[in-house]
Each structure stands twice: as C-alpha cells, then as structure tokens.
Amino acid sequence: MAQTKAQLKKRQVESFIILMFLWEVGSESMQYSVLEETESGTFVADLTKDLGLKVGELAARGARVVFKGNKQRLQLDPQTHNLLLNEKLDREELCGSSEPCVLPFQVLLENPLQFFQAELRVRDINDHAPEFPTRKMVLKISEITTPGKTFPLKMAQDLDAGSNSLQSYTISPNPHFHVLTRNRSDGRKIPELVLDKALDREEHPQLRLTFTALDGGSPPRSGTAEIQILVLDINDNAPVFAQELYEVQVSENNPLGSLVVTVSATDLDAGSFGEVSYALFQVDDINQPFEINAITGEIRLRRMLDFEEFQSHHVDVEATDGGGLSGKCSVVIKVLDMNDNAPELTMSSLTNPIPENLPEVIVAVFSVSDADSGPNQQVICSIDDNLPFLLRPSIENFYTLVTEGELDRESRAEYNITITVIDLGTPRLKTEHKITVLVSDVNDNAPTFSQTSYTLFIRENNSPALHMGSVSATDRDSGSNAQVTYSLLPPQDPHLPLASLVSINADNGHLFVLRSLDYEALRAFEFRVGAIDAGSPALSSEALVRVEVVDDNDNSPFVLYPLQNGSAPCTELVPRAAEAGYLVTKVVAVDSDSGQNAWLSYQLLKATEPGLFSVWAHNGEVRTARLLSERDAAKHRLVVLVKDNGEPPMSATVTLHVLLVDGFSQPYLPLPEMALNEAQADSLTVYLVIALASVSSLFLFSVLLFITVRLCRRNRAASAGRCSVPEGHFPGHLVDVSGTGTLSHSYQYEVCLTGGSGTSEFKFLKPIFPNVPPQGTGRETKENSTSGNSFQFS
C-alpha cells in the first residue's frame with residue numbers, strides 16, 4: 001500500500017532524528033595519524049586488531065574504506081588487510097591553514113552491514129619557508145617622530161601550520177628600530193617596527209634594514225625582505241583613522257563590486273601634507289577578495305566571497321598623506337553563510353543486480369553532505385513511496401538503501417530509484433540521484449507447458465522418423481534458469497514399447513514417430529513428456545501426449561458369405577412364383593478399416609439377365625426386381641461388387657449362382673446337366689466325399705436305412721432324395737453387425753443332401769418372418785403346417 005504524504009513526511013523526519021542521534025553516538029571514533037608527504041603504501045594501522053575482529057574476517061565481510069567524495073586516501077592490503085597509505089598527502093592542499101588537519105572516514109563491513117567511524121590526522125612537516133608579499137618595503141618617517149612610535153609592516157606567509165608556521169620577526173641590528181611581533185585575532189603574527197631613537201635627516205637621510213621572518217620548525221626556516229626608511233623633513237601630523245578597528249558582516253552571495261565598508265582618516269596638516277590617500281596594506285595577498293578606492297576609502301568586492309572557504313577576512317588599510325606619513329587601521333569582515341550549496345550525495349557501495357526472494361537486501365550505501373552551515377547544512381533524504389525499498393540512516397551522514405520484503409523478478413525485473421536530498425535552508429535546495437536496480441533471477445519457476453495435454457493425429461502407414469507434432473514449455477525465469485530440456489518419461493503401461501515408437505528433440509520439443517503405424521494393430525497410445533530447466537536446483541513439469549492413429553483405407557472389403565475360396569459356389573434356389581422383392585440371399589462382407597473406410601456399399605456388377613435381380617446398396621441383400629415368368633432362364637450368374645467408402649475406394653467381388661425352380665412340392669428337383677457337372681467338378685464336393693468315405697460305412701448305412709424307413713412309413717416315394725433340414729438358428733454367440741454385411745440372426749442355414757448326386761450344399765435361406773404365413777397355395781400351406789418335417793428353400 002502506498003504511503004500518504006503525511007506518512008512519508010513522518011518517515012523523513014524520523015530518519016533525520018535517527019541520523020542526528022547516530023551522528024552523536026558515532027562521534028567517538030578511531031584516530032590515526034600520518035605525516036604529510038609520506039610515501040604511498042606506508043603502514044598506518046592493523047584494522048583487524050583495532051576493530052576486534054578475527055583474522056580473515058575483514059576479507060570475508062568485504063571491508064571497504066570510504067572517504068568523503070570517494071577520495072581513496074587509504075587502502076587495505078589485499079593479503080593482510082592492514083590499513084595502508086594510498087597516496088602522498090599534502091596537508092596544505094587538503095586543509096590550508098586549518099589545524100589540526102583531520103580527514104574523517106568510515107570502515108564499511110558487509111554481511112552483516114556495519115560501520116566504524118575513524119579519522120586520519122595529517123601532521124605537518126616543515127616543508128615551507130615564510131615568504132613576504134614583496135621583497136622591498138619603503139617607509140617614510142618624519143625626523144621629528146618621537147621614539148616609541150610604531151609602524152606596521154607587511155606580514156610574511158607560511159603555509160605550514162602549528163609550530164612549523166611563522167613564529168617571529170627580526171631586523172638587522174641598528175640603533176634606531178626594533179621589531180615587535182603581535183598576535184592578531186585570527187592567530188596570525190603581525191610585525192610592527194618600533195622607533196627606539198629619534199632620526200636626523202641630516203645625519204642619515206635613509207636607512208636600509210633586513211627584515212627576517214622565522215618559523216618554528218627544526219631547523220627553522222626563514223624568509224627576508226628589505227626595509228628602506230626615508231627620513232622626511234618636518235611634517236607635523238600623520239593621518240589618523242576614525243577607528244582603529246572596523247567590523248562588518250557581508251553575505252557570501254553579495255555581487256561583485258558591492259560596498260563592504262568605507263574607512264576614513266584625517267590629517268591635521270595643511271596643504272599637500274593634509275591630503276590623504278588609501279591603500280590596502282597586504283595588497284599582494286593572493287586571498288585578498290577586496291579592493292579600496294584610494295580617494296574615498298570605499299572597500300568593495302573584487303571577487304565573490306565563499307563562507308565555506310573563509311568564514312572571515314582581516315584587511316589592513318593604510319592612509320598616507322602628501323608628506324609620506326601614514327596611518328593604519330584594521331577591518332574584520334565576517335562572511336554570513338547563505339544556503340548557496342545544494343546537498344551532495346556520494347555513493348559508497350552499490351549492489352547491482354540484487355537477488356530476488358531475499359528480504360532486506362542492502363542495495364546501496366551512500367553518504368550525504370552539505371557545505372553550508374547551521375540549518376543550511378541539515379538535510380532530509382527520501383525516495384519515492386511507491387517502491388519496495390527503504391532508506392535507513394546509519395552512522396554520521398551515511399544511509400543504506402534496503403529492499404522492503406522480497407522482490408519477484410518475474411513481476412518486475414528493473415527499478416528506477418530517485419534518491420532526493422533536501423536541506424533545511426532558505427530557500428531549500430535539493431539534489432536528486434538516480435540509480436537503476438536490476439533484480440537477478442533465482443530458479444523459482446518450473447517450466448510450464450502451453451497445454452496440460454496434447455492430442456496428436458497421425459495417419460497409419462506413415463514413413464519412419466516422421467515429425468508428428470511438438471510440445472512447448474516456457475520458464476518465467478531468465479538465463480540458464482529458463483533453458484528447457486525435453487525428455488520422454490517412462491510409460492505407465494509397461495507393455496507399451498515407447499522407446500521404439502516415439503522420440504523427442506531435447507532442445508525444441510519436436511516429436512517423431514520412429515516406425516510405421518498400423519491402425520488395425522494400434523489405434524491410440526499415451527505417454528508423458530517432461531520439461532526440466534537448467535537451474536540449480538533444477539525444476540521440472542510434465543504433460544500428457546495422446547497419439548491418435550488415423551485410419552487409412554488400406555484394407556479391401558472381405559466377403560464372409562458366400563465363400564470365395566475356390567470351392568464350388570452355392571446355388572441359390574428361387575421359386576418361379578416369387579414376387580418382386582423376394583429375398584434371394586445376402587452378401588455378407590466386412591472391412592477391417594474404421595470410419596468411412598469401413599462403410600460398405602453393394603451393387604450388381606454383372607448379371608445373366610439384367611433387370612431380373614437387384615442388390616440393396618446398404619445391406620447386400622439380393623432380391624428379385626420383378627415377377628418371374630416361364631420365359632426367364634432357369635440358371636443365372638450374378639457378380640456383386642462390394643466397395644468401401646475410403647479415398648481411394650477399395651472393393652471386392654463375389655459370384656452368385658441362382659437357379660429358378662417351379663415349386664417346392666416336388667420331392668426331387670433335378671439339377672440341370674451342366675450344374676450337375678459343375679457340382680461334381682467342385683473340389684469341395686470331392687473333399688466331402690473323401691471325408692464321408694473315411695467314416696465307417698456301417699454308420700453311414702445305418703443312417704440311410706433309418707431315413708428310408710421313416711420316409712416309407714409316410715407313404716413317400718422310393719426316391720427319397722429330398723433334403724431333410726432341421727430348422728433353427730445358429731448359436732447366439734455369432735457376430736452380429738446389422739447393416740455392415742455380417743450375418744444376421746434372422747437368417748437360417750441348412751445342409752442339403754441331393755439324392756443320387758453325391759453332392760452337398762451349404763445353403764443360405766430366406767429370413768424368418770414371424771406370424772406371416774409362407775408364400776404358396778393354400779394346399780401347400782396346410783400341408784406344411786401338418787408336416788412334422790417341413791422344408792424351406794431360398
């Protein structure tokens with residue numbers, strides 16, 4: 001939930017308070033010192049001992065030395081982790097005239113994050129001699145000047161500090177003057193020339209003295225200048241300033257040329273001896289930011305003031321009259337701080353990228369500072385409130401940027417963070433620092449298939465190594481964690497030879513069928529595919545693949561009835577009295593294909609007498625197409641075509657023989673000679689005769705005798721060659737597929753024995769129509785109904 005502005009402000013104030021508290025707590029720090037100009041690599045301290053750590057702990061915790069502005073004044077030895085000097089240090093360059101010269105720094109440890117406050121003091125060496133701004137000074141002194149009068153001299157400058165800085169002045173021995181060294185309020189040494197004995201222009205019109213400045217080094221260094229004293233004729237009065245000390249305050253952002261202060265001096269003499277001109281006494285001072293109007297005494301800015309550079313300036317002004325006499329005053333200018341410096345942010349440590357799924361990861365360590373002073377120096381640090389990051393103040397002016405909870409790279413992989421630092425001055429100044437934080441991937445997502453299950457279709461009789469489809473899985477991770485490898489998992493059905501059926505490309509998930517498939521042998525199979533990534537630890541998932549074998553029309557229809565295996569074709573008997581639509585027989589065929597490839601249709605391909613018989617296209621029933629007549633031939637040959645619905649269609653043919661008979665009341669129906677010859681030539685009949693001959697002749701004779709006796713008892717003719725058939729259905733376990741060409745239960749089969757011919761037939765009879773009297777005359781109906789052994793012919 002995003003924080004409100006009030007909450008954000010409260011968090012900023014709390015951070016500021018905590019920062020001030022930590023600043024105070026961390027004020028006691030480790031102190032080290034080193035002489036300036038010491039060679040790089042010089043040993044400074046044993047940090048491991050000073051911090052109370054174990055040997056090697058500094059290296060294990062990624063110790064780092066941090067100075068303001070990322071200036072690497074010190075370094076850690078890579079082997080021992082001792083604190084060494086990283087470069088030669090010049091105290092005068094680092095701190096100027098300030099003493100002591102202290103450089104604060106921090107020792108930063110990670111895992112866990114810990115700060116240690118420390119400071120390095122750069123001790124001065126006497127590497128600079130005092131220098132005067134000019135090699136020659138000229139003083140004009142009236143001969144009537146009374147002894148004890150002091151005359152200000154220009155100061156020498158020594159860049160060293162402490163005892164090595166300028167300590168005293170001397171002049172060469174003479175009977176008229178000595179030098180007095182005074183301490184100014186800013187600590188600088190002011191030389192004054194004191195008149196000990198009155199001057200006589202007629203005796204000595206000018207004097208030359210050697211002016212020497214000495215520092216406190218060992219041995220001391222010195223600088224010299226020449227003082228030329230011109231003895232003037234009588235000039236009663238020297239200029240006198242209205243104030244010996246002027247104190248003013250000037251804002252540091254005052255523009256160039258602005259008036260600082262106006263000094264004023266008067267001379268009681270008349271004429272040219274009473275005319276006064278003004279000059280800055282230390283005009284050659286390189287730090288002099290002021291200029292003075294020689295006539296009016298107005299002091300103005302000649303360059304901008306900077307409170308952060310100098311908080312105050314001490315200026316000496318000299319007023320000289322026309323006779324050469326001079327007077328001196330001092331001006332102390334205090335610089336007022338203005339909020340003219342924006343806060344500065346120094347990044348000490350940045351971890352990028354950061355790992356996901358870890359709480360409170362330290363992203364960055366940075367310090368903030370403001371060169372201003374007072375309230376202008378106090379700062380507030382903040383970040384956007386809609387980001388999962390927190391700012392935590394650390395010791396002194398350091399902050400840590402940490403994650404607020406765990407990050408998820410898959411939700412967001414990059415964050416743009418703006419760190420805003422605002423001071424409390426008027427007007428408020430701010431600094432913004434932008435960083436981009438990347439979230440590194442952790443293998444926390446398993447590969448995901450585009451589908452939980454796949455169904456692939458492949459036609460049978462395919463070529464081996466055929467590409468039949470692909471599976472695809474993606475991983476939301478990145479890099480190696482997102483590299484997916486595919487494999488076949490062990491089949492759940494141990495009888496499925498998966499390794500010889502299917503292979504998969506491990507890189508892209510392409511599936512290949514290794515051998516030709518046969519729909520009639522294997523219609524479908526299932527297997528599982530696994531996807532595993534390359535992360536550590538590796539994560540995986542699986543998907544189900546079902547392969548459906550699509551039937552191809554590769555099987556011709558197979559005729560079950562009538563048999564076409566080379567045996568003599570069965571002859572169908574049809575009474576001449578049959579009406580149109582009379583069922584002659586039914587062609588039964590099957591197709592081992594499936595779907596439309598197994599849809600069979602029948603048609604009459606050839607017939608002895610076209611138009612007499614027809615074949616029903618859907619069930620293969622052969623029926624009479626019209627009434628039979630005496631003019632129709634007795635014997636007919638029909639060729640029936642059985643065709644499936646595949647593409648291209650496949651077909652088979654079957655040949656039928658139909659014999660027209662006059663009626664069923666005759667006990668014996670002689671076959672035509674030709675048909676008899678064909679039947680005798682039929683190999684099946686031969687096989688049956690051989691089989692019957694192999695049976696015991698006694699048993700055959702007993703059967704025939706039994707039949708003859710039975711027939712004779714019913715007063716039938718001695719030509720008892722008529723067929724006797726037990727009527728009934730085949731057992732119910734036979735296959736029944738109505739409408740597809742397979743035999744139906746509504747059909748009957750009979751065995752016909754023809755007397756005198758020695759042949760037998762397998763007959764397919766007409767269907768049984770329940771509760772419908774058989775066709776024929778009334779007499780035949782009655783006779784059939786009273787007969788115990790009735791016969792039906794197709």
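Just so we're clear, the structure is a prediction, and the values are computed from it rather than from any experiment. (Residues numbered from 1 in each chain as written. Predicted model: local features only at pLDDT ≥ 70, side-chain atom pairs only at ≥ 80, totals over all residues. Heavy atoms only, no water.)

## Side note on the overall build of the protein chain
Reasoning step 1: Within the protein chain, the regular secondary structure consists of 9 helices and 51 strands.
Reasoning step 2: The buried share among the 794 residues of the protein chain stands at 41%.
Reasoning step 3: Here the protein chain has roughly 41,900 Å² of accessible surface; of this, 53% comes from carbon and sulfur atoms. (Helix = DSSP H or I, 4+ residues; strand = E, 2+ residues; numbered from the N terminus. Buried < 20%, exposed > 50% of the residue type's maximum accessible area, 1.4 Å probe, protein only. Areas by Shrake-Rupley, 256 points an atom, 1.4 Å probe, with all protein chains shown as cover.)

## Observations regarding the sheet that holds strand 37 (residues 502-504)
Reasoning step 1: In space, the 3 strands of this open sheet follow the order 34-38-37, with antiparallel pairing throughout. On the outer flanks of this sheet lie strand 34 (466-470) and strand 37, each paired with one strand and no other. For this sheet the average axis-to-axis angle between neighbouring strands, irrespective of direction, equals 30°.
Reasoning step 2: The pairing of strand 34 with strand 38 (residues 510-513) spans 4 bridges and is classified as antiparallel. Looking across to strand 38, one finds that His-467 is bridged to Phe-512. (Pairing = 2+ DSSP bridges. Axes fitted to C-alpha atoms, helices over the stretch in contact; angles between N-to-C directions.)

## Structural notes on the sheet that holds strand 9 (residues 150-152)
Reasoning step 1: Read across the sheet, 3 strands follow the order 9-12-11 without closing on themselves; strand pairing throughout is antiparallel. If you trace the sheet from one side to the other, it starts and ends with strand 9 and strand 11 (177-183), each paired once. Along the sheet, successive strands turn relative to each other by an average axial angle of 35°, direction set aside.
Reasoning step 2: Sheet topology note: the strand 11/strand 12 (residues 189-195) ladder contains 7 bridges and is antiparallel. Note that in strand 12 the partner of Arg-182 across the bridge is Ile-190.

## Some points on the pattern of salt bridges
Reasoning step 1: Taken as a whole and assessed by the stated rule, the structure comprises 25 salt bridges.
Reasoning step 2: The salt bridge partner of Arg-626 is Asp-632, with a shortest N-O separation of 3.0 Å.
Reasoning step 3: Residue Arg-626 is classed as partly exposed on the basis of its relative accessible area of 30%.
Reasoning step 4: Through salt bridges with shared partners, a single network forms among Arg-91, Glu-92, Glu-99, Arg-121 and Asp-124. (Salt bridge = Lys/Arg side-chain N within 4 Å of Asp/Glu carboxyl O.)

## Here we look at the side chain of His-176
Reasoning step 1: Examined against the element boundaries, His-176 turns out to sit in the loop between strand 10 (166-171) and strand 11.
Reasoning step 2: If sequence neighbours within four positions are ignored, His-176 has contacts with Val-194, Leu-195, Asp-196, Lys-197, Ala-198, Leu-199, His-204 and Leu-207. (Contact = heavy atoms within 4.5 Å.)

## As for the packing of aromatic side chains
Reasoning step 1: Using the criterion set out here, one finds 11 aromatic pairs in the structure.
Reasoning step 2: Each ring, one from Phe-115 and one from Phe-398, has its centre 5.3 Å from the other, and the planes form 45°; the classification is tilted. Remark: Phe-398 occurs in strand 29 (residues 398-403) and Phe-115 occurs in strand 7 (residues 114-123); sequence separation between them is 283 residues.
Reasoning step 3: The class for Phe-115 is buried, based on a relative accessible area of 12%.
Reasoning step 4: Given a relative accessible area of 2%, Phe-398 falls into the buried group.
Reasoning step 5: When the centroid spacing of 5.7 Å and the interplanar angle of 10° are considered together, the rings of Phe-366 and Tyr-399 count as stacked. (Phe/Tyr/Trp six-rings, centres within 6.5 Å; stacked < 30°, edge-to-face > 60°.)

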